[in-house]
Every structure is written in C-alpha cells, then in structure tokens.
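Observations on the three-dimensional arrangement
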Number of protein chains: 4
Amino acid sequence: MIIVLSPEATPDDIHRIVARIEESGRQAHISTGTERSIIGVIGPDLPALQDMFETLPHVESVHRVTKPYKLVSREFRPQDSVIDVGRGVTVGGTELAVMAGPCSIENEDHIVETARAVKAAGANILRGGAFKPRTSPYNFRGLGEEGLRHLEVAGQVTNMPIVTELMSVRDIDAVARHADIIQIGARNMQNFILLDEVGKLRKPVLLKRGLSGFIEEWLLAAEYILAQGNPNVILCERGIRTFENAYRNTMDVNAIPLVKQLSHLPVVADPSHGTGKWKLVKPVSMASIAAGADGLMIEVHPNPDHALSDGAQSLTFESFTSMMRAVAGIASAVERTLSGVEAPAAAG
Amino acid sequence: MIIVLSPEATPDDIHRIVARIEESGRQAHISTGTERSIIGVIGPDLPALQDMFETLPHVESVHRVTKPYKLVSREFRPQDSVIDVGRGVTVGGTELAVMAGPCSIENEDHIVETARAVKAAGANILRGGAFKPRTSPYNFRGLGEEGLRHLEVAGQVTNMPIVTELMSVRDIDAVARHADIIQIGARNMQNFILLDEVGKLRKPVLLKRGLSGFIEEWLLAAEYILAQGNPNVILCERGIRTFENAYRNTMDVNAIPLVKQLSHLPVVADPSHGTGKWKLVKPVSMASIAAGADGLMIEVHPNPDHALSDGAQSLTFESFTSMMRAVAGIASAVERTLSGVEAPAAAG
Amino acid sequence: MIIVLSPEATPDDIHRIVARIEESGRQAHISTGTERSIIGVIGPDLPALQDMFETLPHVESVHRVTKPYKLVSREFRPQDSVIDVGRGVTVGGTELAVMAGPCSIENEDHIVETARAVKAAGANILRGGAFKPRTSPYNFRGLGEEGLRHLEVAGQVTNMPIVTELMSVRDIDAVARHADIIQIGARNMQNFILLDEVGKLRKPVLLKRGLSGFIEEWLLAAEYILAQGNPNVILCERGIRTFENAYRNTMDVNAIPLVKQLSHLPVVADPSHGTGKWKLVKPVSMASIAAGADGLMIEVHPNPDHALSDGAQSLTFESFTSMMRAVAGIASAVERTLSGVEAPAAAG
Amino acid sequence: MIIVLSPEATPDDIHRIVARIEESGRQAHISTGTERSIIGVIGPDLPALQDMFETLPHVESVHRVTKPYKLVSREFRPQDSVIDVGRGVTVGGTELAVMAGPCSIENEDHIVETARAVKAAGANILRGGAFKPRTSPYNFRGLGEEGLRHLEVAGQVTNMPIVTELMSVRDIDAVARHADIIQIGARNMQNFILLDEVGKLRKPVLLKRGLSGFIEEWLLAAEYILAQGNPNVILCERGIRTFENAYRNTMDVNAIPLVKQLSHLPVVADPSHGTGKWKLVKPVSMASIAAGADGLMIEVHPNPDHALSDGAQSLTFESFTSMMRAVAGIASAVERTLSGVEAPAAAG
C-alpha cells in the first residue's frame, strides 16, 4: 500500500502516521519528495487497512499495489485449471463446455426432451432451474426438489452432467445430492455465507458475476470458495447493468480475456442472460468464444413462447443447432474443439 | 399489457397471438391502426408474461401498463405507514429516525460508549454490525452472536431500539431474538429466500436498496416481505454503483422523493455507505432530509482510524454532533422534528 | 506519479525504466521493497505520461498522486469565487442565484410573460433556449438569433441578467452580444474548441457537467476556460446517466459538496434536467440547496403541456412559486438568502 | 404512441386529452379497459410529443411504438450499405475494413513508417490524429493541418485511404480536403451542428458512439447526417462508460449485432479505445469480428512507450501483425475476407 501525504504534512504528522502503520503490524518506508512525502507500507494490502489509512490526518490518497486475492490468481497458479465435472466432461481444456437447457424445469418429459435435443446439437452439460430467483413474489419460482429429480433423470438418460442453481444454504444438501455442478447466481455473488458453504464441498461451483460486480469483487468471491478448500470453481460472465436499455443486460465480453489473464480459473459466457434477447445469443456466443471463453451457457426451450420464465432470451432447438454450427467455426479458428458439431465449411 | 405488432402482421398472425393470450387466461382487445395493430391484454401484468409475448412472431414490443407491485404501493394504501420499532420510537412520522453507531461492534465497552455518545447527540436508534458482509474472505467478519449481545446491552443501557444486519437464514433466530429492527443489506436485496423468511416475522425490517437495484426491483423486494404478512418495512437508500469513482457509491437522493410518491413505506437515507466519504456525510444527510427522507443511518465510531471496518466513511462523536445540529435546521424547514437537538439559529 | 513494478523486475529492468523517466524530463526516486520495487516520479502528473509509463515492461500499475487541474482548485484559490453576472446579481455569495425560464423561447410575449412570473416568484436570472440541442433531427431546434432578441427584451423588461446556451463556435458572437451568461451544455462539456473560445471572452460561462462526465473531467473542462484567461466559470450539475430508468437522468447531489471542497468555483443545480420529472423538481431543488449549491436552474413554462420542448420536466408558474417558498426555508437553514421570497413559517 | 391513463380518469378527462392530441395534428383511438383506458395516438412518434403528453393530467405513462429514426433503419433499406471510401476500398462488404495507425501523427517519417508497417500486416485504411481532443488543456493537442499533410503523404505512399478526426466546424474545409473519411469522435456524437455540416458533404463519415450514448441516440445522430443528404456513414463502437474500472471503457460488443439488425449502415469496432488496454485489443478484436463487425479501428505505434498520446492502448507493429493473423482466422469462420493476411492453420 502507498500512502500519499498532503503537502502541509509536517515531520511530526508523518511520525504519527508511521506509528499508526506499525501499530497495524506493518512496516513503513518513507520517501520524501520536493512537494509531498509518500509512505510505502510493507505487508498484505487488506481493503480494511486502506479505509483506515484514508481517515488519518494529512493523508491525501491511499493506493493498493498488490491484488487482494491470492489463490485464484494466475501468479499463484500459472497453468489453466481444468475442472472435472463428471461423466468425462471437463471445463477449461481444449474442448469447449456447452451448458444448455431451459431456464426452469417444467416437468420430466420437458427436460428429457430438451436434454436430448441439446445433446444432439452438441451440448455436453445440461442446465435447468429448480429453485428460481424471481424479481416478483408473484412469478413461478420453480419446482424445487421435484425439479432436481427430473433434471437428474434427464442427465442420466442423456449421459450429461447437470448444473442447477443453489439459492440458499437451506437447500445445499438437496442440490449437492442431485447436481454435478452447483450454480451460484448473479444475485448471490456476494452471499458470503453461501460461498463459504459451497467452499466446504468439493463439487464444482459455477460462480456467476453479479450485475454490478467489479471483476475484482468477482475474483474475491471465488477466493472465498477456494479459501475454504474447494478449488473447482468455474466463472461465468452473464452481463452487467449499464445505462443502455436496448438489451436487458450488457454482456461484458471484455471480462473474458481479462479474467483469463488475471486468473487460472475457467470462464464461460452466458449470452442468454447477458443480453436477454434471443436474437443476440448467436452472435454474442460467437464473440465470447472468439474472446477466449472456455464454454457457453445457453437457454434452450422446446417452445420459448410457452416457457414459464425467460422466454424472451431462449433459443428453440432449431436456432440452438444453428448457433452451435456457427460456434464450431469460431472454435476451430481459436484452436478449441466442440465434439460432434460440424462447423460450416470455412469461407477463406 | 400492450402488444405492438409489426406492420407486416396479417389478420391470421393476429389471430394466433390472440389465441396465445387467451390461453394464458387473459382477454385480448385489438386496435387496428393505419400502419400497425396494437393488442391490449386485460389482466395482471406479470413480468414473465411480457417475456413470453416478446417471443411471439410479429410482436415488435410489449409494454407493461400496471405496476408489478401492489401491497407496497401508495394506491393500495394512500396514507404513510408509520412503523413502531420499540421503546417508543416510530419511523415514518413527523419525528425523524436517526440510526447511528459503528459499522462493526468491537466489544461491549466500545458499543456502549458509542451508544451513549450518539444518543447525547440526538440519535434515537442504535446501529451496529455483528455479522458483516466483507468483499474479501480475509477481512474481519464481525463478532457474530457475541456482538448481538453487546449491542443489546448498549440498547438497554441507553434505552434505544437496535438495528443490525441479518445475512443468512441460518442466523435469523439469533438476530430476531436480540434486535428490534432486522436489516437486510444491499447485497441481499434480492436474496428472495431471506425476504420470505423475514416476511414471516412481525419485526420491523430495514431493507436496503441494492447497488444496482432498480427502484421497481427494490419495491418488489419489499413486496416479498409484505406478501408474507409483515407490513413493517422501512426502505433505506444507500447509494448505487455508477461510472463516477470520486465516491465509493453515488447516493441517489432522487430515489427518496420518488419512492415516497410511489409507496406508503418510510424511507431513510444512509449517506455513510451512500458516499463512502466522511467529508460528504454531513451535506448529503442534510440533502436527504430536505428531499423528504424519514430518517438517517449514520456510521459513528469513537476513533475512525482504529475502526475494524469502514473507517473512511465513519464520523467521530464530534463531527456527528455537528452534523446533527445542521440536520436539525433542515428538519425544521421541512416541518419534521429531531427531539433534543438544538438547531443553529436560522439566518433568514 | 508512482510506478509499481512487478515482482520479477530485475535491477536492469528498473534501470531501463528510470532512463525512460529521465528522458521525459522527470526525476525518479526508487524504493526497493521486499517483494516489489516502487518508483516515485517527481514532476507534474500529466495523464499522457501515465499512459506511457503503463506500457513499459514490468510495470504493474501507475498511480497519479497530484490533481491534474490547477487554476480551478481550492488549493490554488482558497476563498470562494463570486461571479458578477450583471444587473447587480452575483453567483457564489450568500444570496442564492435562481435561473428560471422556459426550455425554448417560443415568441416575445411568451418569454416576457414567463420572465415576469419567475421574477415575481423570486428568480433573479432569466434562462431561455434559442439554439437547442435535440436528439432527433426532426424536433424543433429553437428560434436562433431571433430567440436571443426576445430573451434580451425580456431581460430588459424585468431587469434580470439572461443565460442561454451556445452550441457552436459559429454562434459565439451572437450569443456573446445578447447574453449575460453563456451556457455550455452537457453534450459540449468536452467540446474543447468551444471551451477555448469562451475562455478568450470575459463573459461568465455556465458549464454543465456531461452525462457521463467524471467530476475530474468536468473540473478539467473548467480549467480549459480558466487557462485561456476567463475566471468567470459557474459549474452546473444536471444529472448523470446511470442504470436507473425511473428518471430521465440521475441528479448527482453528491457532486455539489464534493466540487465545493475541490474547487473555488460556484456550483448550481439543475433538477429539471437532473431528474427529467417535474414531480421531483421541488424536493431535489431543496436537497441541492441543503447540500451547498449556490443556486438553481429551473425550467418554467406558462403551459407545460404546450411547451415545444421538455414539457415533462417544466414547472408551471404556480408550482415554481410553491417550490421557491420551500427552497427559501432550506436557504434560511443553511444561512443563504433568497431575496423577496417569504419562507414558510418554520415548524421547529 | 400509446397513452395509458390512470384509473381515476373520467370521461371528461379523456375528452380533454383527446382534444389536446387532435390539437397536435394527430388522431386519437380510445380503448376502454375494465380498470383503465388507453389512447392510441396515430401519427409519427416525436420524442417532444411524448414529453408533452406526459404532462397531461391523469396520464400515467406514454409509450412510443415506432422508432424515432427512419433513413438509417433496416426497414427503410433492407440491404447492407456498402460505403466506397476511395482507392478501391469499401466498408460494409465481404472484405473487412481495417483502419490502423497512431493515435496522434507525430511527424512525416513516423506516420509513413507506421503506414507501411500496418499495410504490410494487412490494414487497408490509415488512421491518424491531427486534431486531438484531450481531457486536459495541458496535454499535446495534435499537429493540426501540418499533421493532415503528413497523413496525406503517408496515404499516397502506401495507396491507402485515410481517416482522421474533425473536432470543429472551424476545421471542416481542411479535414475534408485532406481526408478520405471524416471521423466524428465520441465526445461529438451529439454535436448536432457538426453532424449537420458533415451531412452537407458527400465524404464518408465515421461516426463513433458516445461514451454514454444510447444506441437509439447513436442512430439518431447518424440520421442527422443522412437527413442532410450524405448516405455515407460508417458507425464505430468504441466502448461505453460503466461502473467497471478494470478497463478504461467497456467495449459493448452486443451493440454490433444489434445495430446490424436495426440499421443498414456498416459498423466497425475500435477495441483500442473500447478497452484502453493493449492486452485486450487482440481478443476483443476477434470477438468483434465474430459478432459481425464490418471492420476494425486499431491504434498502432512504432514505439508505444514513446507515443505522445494513448500509448497504453497502442499495439506495436509486431503485436498488430499477430493480431491480424488471429483476426483472419475468425474472418474466415464468418465468411469475411481480410486480403493479404494469412490465417493460422485451423485446428478443427
């Protein structure tokens, strides 16, 4: 941490600040400039310390120089993490992970039919919501554990690992029992008790970025999980909230390569939520893979205009199949694979 | 809901859309324009229905015309709600509510000393954090139930009701046992299971707006609580996340009068979190009361540069006292009272 | 400027960076830490230099430690600037400046009638638009110089200085000839050539904050004007663009006290544009004065539902009069005056 | 336009609103619902009318149903516009347009050297700044017309059309004389007088999106140019301002496919400004082309750490060459071409 003093700080003022630094168990290193002095603080840069130093008299600004996370950082582990999510599927390697399925599980037939269709189109992980976070208390909130059982059946029938959202510590046993990957939704990115609890498991966790989550906060949320001993975290970019209202959210494609540079964890993209518009899902999926994403999470519904939630952003089986062929072309251009999907003949 | 069709929609297309509307249990009312037709949908405007209609072929846009919340709306209850929070204190009436205290409870002496000081300066509710949401897993996360006991002692000693944050359903019994007002923090504004659970209690709930919470979402979060039967909700504006980085958050003072127009619930302002800068707490507190807030929530610490959290936004006893005198002047100008605080002599 | 090096930087790397710093005409001061070294750069912190240092190999981050503006800063001039805008009116002193009038000037009778009404209610500066920035090319774009002449007549009849927007260097002579205060609109906050040109005049300039203008950028825009020799700048906060869509813009009340702390220039608030909703103009005006604003800019129209622009945010004469009485109460509480307006009897 | 009335509107109130609609030269079409009535307004949806209707008593909300732009819309012209920018280069066809060069032109040798290098790597249009918008008045502001002459020489030597920014009507003759494409920068997206003036020319105009420009506003800015008779507009997405501070701006890749759906105009991407970080330029360029962009605008400098501006986002010749090879792979996957660039062998 670097503390910049105001020009009027006297040697006595500096002395008092140094005393306060040492009281916090850190060492101070003073640089006296022509106009103002600067104090380097040796030791880990906890955000709380920055706050504290900012309140000291004659302190103009405090700059953190080290990253606040450690276990998730690329410096701590230079090689990519590859997460085994079961049934022979991994996330973070050469093969892209494609998680597809409906927003909400509606009944067993519905999820099995969807599972078969997305598998046929090249998906390798099945998604489906049983516990649904809904903005209004009057909306359909999911089938709960009954939905989990339907989802598990569909995963078995199609031999795909399954991913579903955990909304509360209350449901952790049920979700962990049925699911291969536990999803932490955007609204829970900073539900720290939930992060602690999934950190105590060893199941893979899909951690979505919050709607207003700084990339640093998102990585710190992952650090919560790793700090409890669970290294199996997959990050998921799903759009941020900006001033633009032409889409429901603004998919932040930039986050994908930046997070890959800062962290060893795999990153997947969710253009369905990221844009909220089915007409943008295909091009933004292609963009995400081109930017380096390790996979996609896509909402697919047999009949989006009858979906119980999020119809406006769901693809039909037909449009998902078309999207997968286009994505396969991009995958090939970035030396990634998408098994079982035939890319269109290259134009070049 | 109003469905605007694209110009190329044929009578057959319209017929199919009407059939789909009727299938959803609603009635359709068609207006044929010169260029395009418009269908009015009679019945409640659920967000999920909007999604669904947006996916129908030849639908250009869907507009909701009714508000998605009911119990919290001013139309449902025209008069202001006044919430009794215990020990003779109410929130939402003529007398302003001032909740003051430290970010984190550090020990019994610390919270009792702070309670006495803020009460002497005119606060009527004591705040203090026992369970602390922290961005980094390596920061101090609060004393937990031990902190609640210290807080309760301080409330008894000074005869002030106490407010503290509940972070998880796990701790609901402990928090409800000790606290007079249960705070739902900004990060949990859309923790819907937590909202359901505090809705089953009758304790007053202080519901903070999320960092990227639309006002409509915030009111829907309150609707979750009222829908479970708990009418005792106090809204708290605490700053939103914008592009501006000169403050930690951007206190949205506009939300105060707008929410007072839309809802009967009381609204308090938290300029400590709302700005993150202690130098802005006094003027933004004054602004909030001038804009119609029913009270304030202010971080006060005997020694902000030794605070275990959020020192940069905490006031000292002295600066809190000065702030309260200034706020009393504003309160008087807007026909509110702040018992026991002497406003400065008016200049006019 | 402080340059933080990555841990792997060798003494040779550091040597090369120091050489580059010295090449830029600055001195380097090296602090060797246990984990990483830090270089202090002595000399003014130009943003362009920060960019450049960020590209050097083994540089992890670059932190500016001095403010990039000088003439507008409170350090450069500790006492408040008080701007004389003509006809005995000043902005920045104890007396509040209230600029009121229609968005667009429609004809001479219209502006004279409005001028008389706003003066009667306590306004001391007349506003009106002759050159109108309009989002769509198909909207009414103002009467141009004819409008300026009507505005000047209305100013003479009511003995009020007048303020109007200058959109282009093309119209600078016309606007400077007729107006007492030249307004630079939000969309032109960073029209640097326009800033240079009004800097060459001595007329007071009202500089609005851009919709996505950092406070630092806004102060730098003012610095452009002062650097050309014109010290008569009045800043105007008029709302920023955020995710929230319940208002047209989000009035950033926090900016008012912060800018007053950073700069000696006066700051006025424009809640009409700041919120875009006439129902919020009164409470947000009150909040702005409570927060320390030196005045207000308010849209008033004899008949808002017949206004040629911005009707949704305009007050009627009656609601403006009511607002002024409420503002007078707040003014009195913050030791400001609003001549000729009777505050409501204080409640306290 | 659709006007939703509040439930308490009486037949008399409705009558008065209809009269006001008819006064504006439009027809009203009333739908009486069980709870509230809705009025359809037949005729073009000017934003100013929406404002006006919102002020009428008993109006709850006003919804526009038609797009406010016409000439730029895909409905007006279904086929893609292909813009001829000179020297045999077009923008908007199968061949991608790659505009590359330095942020600022520094001298003739510098720009000629850069032109040769970017051409060798596959660029087909040369960019360079002669008039530079700079946040601080103390930064280098470009060589002006001397810079234009150097740029023109470099374009001739390498047979590439040139693009450069026009900041003010003052310089329009000089820029139009030297440049093949006139760039309107982000800060001038809503400099309506400048838009009018370039609309009167027939030179291609590159119109950047403003930092807080809604997509609708950006298309309306283009409409200004087309409405004056100049159809040769190229849109350029260059990042928006969001809460995220890990990049200088947040490149909005979603805007690319959406604008291609809404408009027939070509769209290019500027990841250099869009992210402000050279390490993100390559992946975000790839993403932009995958999302459907018609080309790129890239900052390249022989020696970024000696650049007079924007070094932090500039590529070296070497990194630009590497980027172009990667982009060629993506281009081929989306059936676009990038003449003279050899894509890496596909992996698939």
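Residues numbered from 1 in each chain as written. Chains lettered and ligands numbered in written order. Predicted model: local features only at pLDDT ≥ 70, side-chain atom pairs only at ≥ 80, totals over all residues. Heavy atoms only, no water.

Topic: the overall build of chain A
Short version of the rule: Strands here are runs of E lasting at least two residues and helices are runs of H or I lasting at least four, both read from the DSSP assignment and numbered beginning at the N terminus. A simple rule labels every residue: compare its accessible area, found with a 1.4 Å probe on the protein chains alone, to the largest value its type can have, and call it buried under 20%, exposed over 50%, or partly exposed in between. Note on areas: these come from Shrake-Rupley sampling with a 1.4 Å probe, and a residue is covered only by the protein chains present in the view. Residues counted as positive are Lys and Arg, residues counted as negative are Asp and Glu, and His and the chain ends are not counted. By convention, charge coordinates are those of NZ in Lys, CZ in Arg, CG in Asp, or CD in Glu.
Within chain A, the secondary structure is distributed over 11 helices and 14 strands. Counting only residues that meet the buried cut, chain A has 67% of its 348 residues in that class. For chain A, the accessible area works out to roughly 11,300 Å², and carbon and sulfur atoms hold 49% of it. Within chain A, one finds 34 positive and 41 negative side-chain charges whose respective centroids are separated by 4 Å.

A short note on the interface of chain B and chain D
The test is simple: Any two residues having at least one pair of non-hydrogen atoms within 4.5 Å are treated as being in contact. Two parts placed together each lose some accessible area under a 1.4 Å probe, and adding up what both lose gives the buried area. Note on definitions: salt bridges are taken to be side-chain nitrogens of Lys or Arg within 4 Å of carboxyl oxygens of Asp or Glu. Under this definition, polar contacts are N or O atom pairs within 3.5 Å; protein pairs additionally need one hydrogen-donor-capable and one acceptor-capable atom, and for neighbouring residues in sequence, both atoms have to be side-chain atoms. Throughout this entry, Asp, Glu, Lys and Arg are counted as charged residues, while Ala, Val, Leu, Ile, Met, Phe, Trp, Tyr, Cys and Pro are counted as nonpolar. The remaining residues, Gly among them, count as polar.
Tallying the contact residues gives 16 residues for chain B and 16 residues for chain D. Counting each side, the surface lost to burial between chain B and chain D is near 1,500 Å², with a carbon and sulfur contribution of 64%. Scanning the region where chain B abuts chain D turns up zero salt bridges. Scanning the region where chain B abuts chain D turns up one residue pair in polar contact (both at pLDDT 80 or more). Residue assignment for the side of chain B that touches chain D shows that the elements contributing at least two residues are strand S1 (2-5), strand S2 (27-32), strand S3 (37-42) and strand S4 (59-63) of chain B. Of the residues assigned to the side of chain B that touches chain D, the class counts are six nonpolar, six polar and four charged.

Section: the interface of chain B and chain A
Often, the extent of an interface is quoted as the loss of accessible area on bringing the components together. Across the boundary between the two partners, chain B contributes 50 residues, which contact 51 residues of chain A. Carbon and sulfur atoms supply 51% of the area buried between chain B and chain A, which totals about 4,600 Å² over both sides. It is B:Tyr138, B:Ile193 and B:Arg241 that lose the most area in chain B upon contact with chain A, and together they represent 14% of the buried surface on that side. Our enumeration of links across chain B and chain A arrives at four salt bridges. Across the pair B:Arg141 and A:Asp196 runs a salt bridge whose closest N-O atoms are separated by 2.5 Å. Secondary-structure elements contributing two or more residues to the side of chain B that touches chain A are helix H1 (11-23), helix H2 (47-54), helix H6 (192-200) and helix H7 (215-227) of chain B. The residue makeup of the side of chain B that touches chain A, split by class, is 21 nonpolar, 13 polar and 16 charged.

A few points about unusual backbone geometry
Residue C:Asn159 is not a glycine yet carries a positive backbone phi of 55 degrees. Topologically, C:Asn159 is positioned in the loop between helix H4 (145-158) and strand S9 (162-165). A relative accessible area of 43% places C:Asn159 in the partly exposed class. The backbone of D:Glu335 sits at a positive phi, close to 60 degrees, despite the residue not being glycine. As for its position among the elements, D:Glu335 is in the segment after helix H11 (317-333).

Here's the deal with the pattern of salt bridges
Scanning the entire structure with this criterion turns up 68 salt bridges over all chains. Of the charged contacts, one joins A:Arg127 and A:Glu299 as a salt bridge, the two residues approaching to 3.8 Å between their closest N and O atoms. You can see A:Arg127 sitting in strand S8 (residues 125-127) and its partner A:Glu299 sitting in strand S14 (residues 295-299), a full 172 residues away along the chain. Take A:Arg127 and A:Glu299: they sit in the same class, and that class is buried. Among the salt bridges present, the one from A:Arg209 reaches A:Asp252, with a minimum N-O distance of 2.9 Å. Highlighted residues: A:Arg209 in the loop between strand S11 (205-208) and helix H7 (215-227) and A:Asp252 in the loop between strand S12 (233-237) and helix H8 (255-262), separated in sequence by 43 residues. This pair shows no difference in class: A:Arg209 is buried, exactly as A:Asp252 is. One network of salt bridges, with partners in common, ties together A:Arg209, A:Glu237, A:Asp252 and D:Glu244.

Some remarks on the domain arrangement of chain A
In plain terms, the rule: Start and end positions for the domains come from either an automated domain assignment or a database one.
What the domain assignment lists for chain A is domain 1 (2-63) and domain 2 (83-333). Between the C-alpha centres of domain 1 of chain A and domain 2 of chain A there is a distance of 44 Å.

Side note on the relation of the copies chain B and chain D
Test applied: Superposition of the copies used a least-squares fit over C-alpha atoms from residues whose pLDDT is at least 70 in both.
Under the fitted operation, chain B is carried onto chain D by 0.0 Å of movement along the axis and a turn of 180 degrees, and the coordinates agree to an RMSD of 0.0 Å. The superposition of one copy onto the other is thereby described by a two-fold rotation axis. When each C-alpha of chain B is compared by its distance to the rotation axis, B:Phe243 comes out closest, at 2.1 Å. Most of the interface of chain B is mirrored in chain D, where 100% of its interface residues are also at the interface.

Comments concerning the pairing of strand S14 (residues 295-299) of chain C
Consecutive side chains of a regular strand alternate in pointing toward one face of the sheet and then the other. Residues and elements named next belong to chain C. The test is simple: Any two strands between which DSSP finds at least two bridges are classified as paired.
Burial of S14 is extensive: five of the five residues sit out of reach of the surface. Side chains Gly295, Met297 and Glu299 of S14 all project onto a buried face; the interleaved residues Leu296 and Ile298 project onto the opposite face, where all are buried too. Relative to S14, strand S7 (residues 97-101) is paired through five bridges, and the arrangement is parallel. Bridge pairing links Ala97 to Gly295 in S14. In the sheet, strand S13 (residues 267-269) pairs with S14 via two bridges, with the strands oriented parallel. In the strand pairing of S14, Val268 is matched with Gly295.

Describing the sheet that holds strand S4 (residues 59-63) of chain C
All names here are of chain C. Note the threshold: Simply put, an axis is a line fit to the C-alpha atoms, just over the touching stretch for a helix, and the angle between two N-to-C directions goes from 0 to 180 degrees.
Spatial strand order, S2-S3-S1-S4: four strands in an open sheet with antiparallel pairing. Every other strand in the sheet has two partners, leaving strand S2 (27-32) and S4 as the edge strands with one partner each. When strand polarity is set aside, the average angle formed by the axes of neighbouring strands in this sheet is 20 degrees. In this sheet, strand S3 (residues 37-42) lies alongside strand S1 (residues 2-5) in antiparallel orientation, the contact comprising three bridges. Residue Ile3 lies in a different strand from S3, and its bridge partner there is Ile39. On top of the sheet, helix H1 (residues 11-23) reaches S1, S2, S3 and S4; it is set at about 10 degrees to S3, its chief contact.

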